[in-house]
Amino acid sequence: MSYISISNLSKRFVRRGQWTEALSSVDLNIAKGSFVSFIGPSGCGKSTLLRIIGGLMKAEEGGIKVGGRSPQEMQADKQFGFVPQAPALFPWRTVLQNMNLPREVNKRSRTDLAEDEADPIELLQAVGLGDFLHAYPKELSGGMRQRVGIVRAFASGAPILLMDEPFSALDEITREVLMHQLVRIWEQHKKTVIFVTHNIQEAVYLSDQVVIMSSRPGRISRVVDIDLPRPRGEKIIESPEFYQYVVRLRESLRERWEA
Ligand SMILES: Nc1ncnc2c1ncn2[C@@H]1O[C@H](COP(=O)(O)OP(=O)(O)OP(=O)(O)O)[C@@H](O)[C@H]1O
């Protein structure tokens, strides 16, 4: 069953009199509760598509429905949680107070409160921040702040989480640790996640589906189902099946770059 359905969607930008066709004829269906990654060359429209799904931007042509409604209606009803590359944490609020902020703001207008189940303290403990509940953002490393940003989205009660390269500013080891923590939390809470990345291993490890995009204009060139068992642990990365997916995606991406 399609939860997010996109049909024949196109988006153009004009800058200094020049048109850029950022997205062209995009068709995609995303099931509720699935983890879907978008991967593709720089400028192929991944962030633009994410913003359109999240109701932050409108397409010129085509249709998009999220849960049967327009993205703007869903956005007004606080159905999206955003995780950018660097989370916006209020410096005068503690970690726990920052975690609770979306709930405080959103509860008034959200109609679907049944999804609002995740416990902020448990989530912080799950990402190793149990001892930092009352710390202020300035006392945290970049990786710790990013963990707060990710689990805050899970605690917000929003059923759809939009993550735009959330690990891109982190070092390799921190990134790996966060990837394992994210998969564990997602497998427990099963939100619909749209995840933009440049990292093939990350996309395979986390996702139910990987959407490969090509550029000029941005299009979907292939959707690959990742049929690896869950729960996914560190061991799966060493399996031949995992390796095969990585090779397959790398080849598909290389074709797009060379095309
Ligand atoms: N607000 C804007 N005004 C003008 N052009 C834009 C705007 N936003 C995006 N674009 C153009 O649309 C195209 C797609 O951009 P987008 O940021 O969606 O790509 P991306 O795949 O997310 O790139 P990256 O991987 O580098 O983050 C690019 O050519 C970009 O220059």
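Look up a bit, the structure's there.
Here the structure is a predicted model, which is why all the values come from computation and not from measurement.

Parameters at a glance
Residues numbered from 1 in each chain as written. Predicted model: local features only at pLDDT ≥ 70, side-chain atom pairs only at ≥ 80, totals over all residues. Heavy atoms only, no water. Near = heavy atom within 4 Å. Polar contact = N/O pair within 3.5 Å; in protein donor to acceptor, adjacent residues only side chain to side chain. Areas by Shrake-Rupley, 256 points an atom, 1.4 Å probe, with all protein chains shown as cover. 1 Å grid on protein atoms, 1.4 Å probe; cavity = no way out; pocket = protein on both sides within 12 Å on 5 of 7 lines; lining within 4 Å. Sits in = over half its atoms within 2 Å of the grid points. Helix = DSSP H or I, 4+ residues; strand = E, 2+ residues; numbered from the N terminus. Core = buried A, V, L, I, M, F, W, Y, C linked by side-chain atoms within 4.5 Å. Buried < 20%, exposed > 50% of the residue type's maximum accessible area, 1.4 Å probe, protein only. Contact = heavy atoms within 4.5 Å. Points joined across faces, edges and corners; volume = space filled by probe spheres on them. Nonpolar A, V, L, I, M, F, W, Y, C, P; charged D, E, K, R; others polar. Pairing = 2+ DSSP bridges. Axes fitted to C-alpha atoms, helices over the stretch in contact; angles between N-to-C directions.

**Student:** Help me understand the site of the ligand, please; the structure alone is not making it clear to me.
**Tutor:** In the vicinity of the ligand there are 14 residues, among which Ser42, Lys46, Ser47, Thr48 and His198 approach most closely. The contact in question runs from an oxygen atom of the ligand to an N or O atom on the side chain of serine 42, over 2.5 Å. At 2.5 Å from an oxygen atom of the ligand is found a side-chain nitrogen or oxygen belonging to threonine 48. In the complex, the protein chains occlude 68% of the 640 Å² of accessible area that the ligand would expose alone. The site holding the ligand turns out to be the second largest pocket. Mapped onto the shell around the ligand, the elements with two or more residues apiece are strand S1 (2-15), strand S2 (18-31) and helix H1 (46-53). If one sorts the elements of the shell around the ligand by residue count, H1 sits on top with 3 residues.

**Student:** What should I look at first to understand the nonpolar core in this one?
**Tutor:** Counting residues in each nonpolar core, the largest one holds 51 residues, and the members touching the most others are Leu124, Phe154, Met163, Leu182 and Val204. Counting residues per element, this core draws most heavily on helix H5 (residues 142-155), which supplies 7 residues. Residues within four places of leucine 182 in sequence aside, it is in contact with Phe35, Ile150, Phe154, Met163, Phe167, Phe195 and Leu206. By size, the runner-up hydrophobic cluster in this structure holds 26 residues, among which are Leu9, Leu49, Met57 and Val211.

**Student:** I keep staring at the layout of surface pockets and nothing clicks. Help me out?
**Tutor:** It is a probe the size of a water molecule, rolled over the atoms, that shows where empty space is left. For the second largest pocket, the calculated volume is near 280 Å³. Lining the second largest pocket are 18 residues, and of these Ser42, Gly43, Cys44, Gly45 and Lys46 sit closest to its centre. Elements with a contribution of two residues or more to the lining of the second largest pocket: S2 and H1. Grouping the amino acids of the lining of the second largest pocket by side-chain chemistry returns 5 nonpolar, 9 polar and 4 charged.

**Student:** Would you take a moment to explain the pairing of S1 for this structure?
**Tutor:** As a general feature of sheets, a regular strand has side chains that alternate between the two faces. Both S1 and S2 contribute to a ladder of 10 bridges, which runs antiparallel. Directly across from leucine 9, in S2, lies its bridge partner valine 26. Of the pairings in the sheet, the one linking S1 to strand S4 (residues 61-66) comprises 5 bridges and is antiparallel in character. Paired with serine 10 across the two strands is glutamate 61, which belongs to S4.

**Student:** What is the right way to look at the sheet that holds strand S5 (residues 80-83) in this model?
**Tutor:** Hydrogen bonding along the main chain pairs the strands of a sheet, whether they run parallel or antiparallel. The 6 strands are arranged S5-S6-S7-S3-S8-S9 in an open sheet whose pairing can be described as mixed. In this open sheet, the two edge strands, each paired with only one partner strand, are S5 and strand S9 (219-225). Between one strand axis and the next, the sheet turns by 20° as a mean value, whatever way the strands run. In the sheet, strand S3 (residues 35-39) pairs with strand S8 (residues 209-214) via 4 bridges, with the strands oriented parallel.

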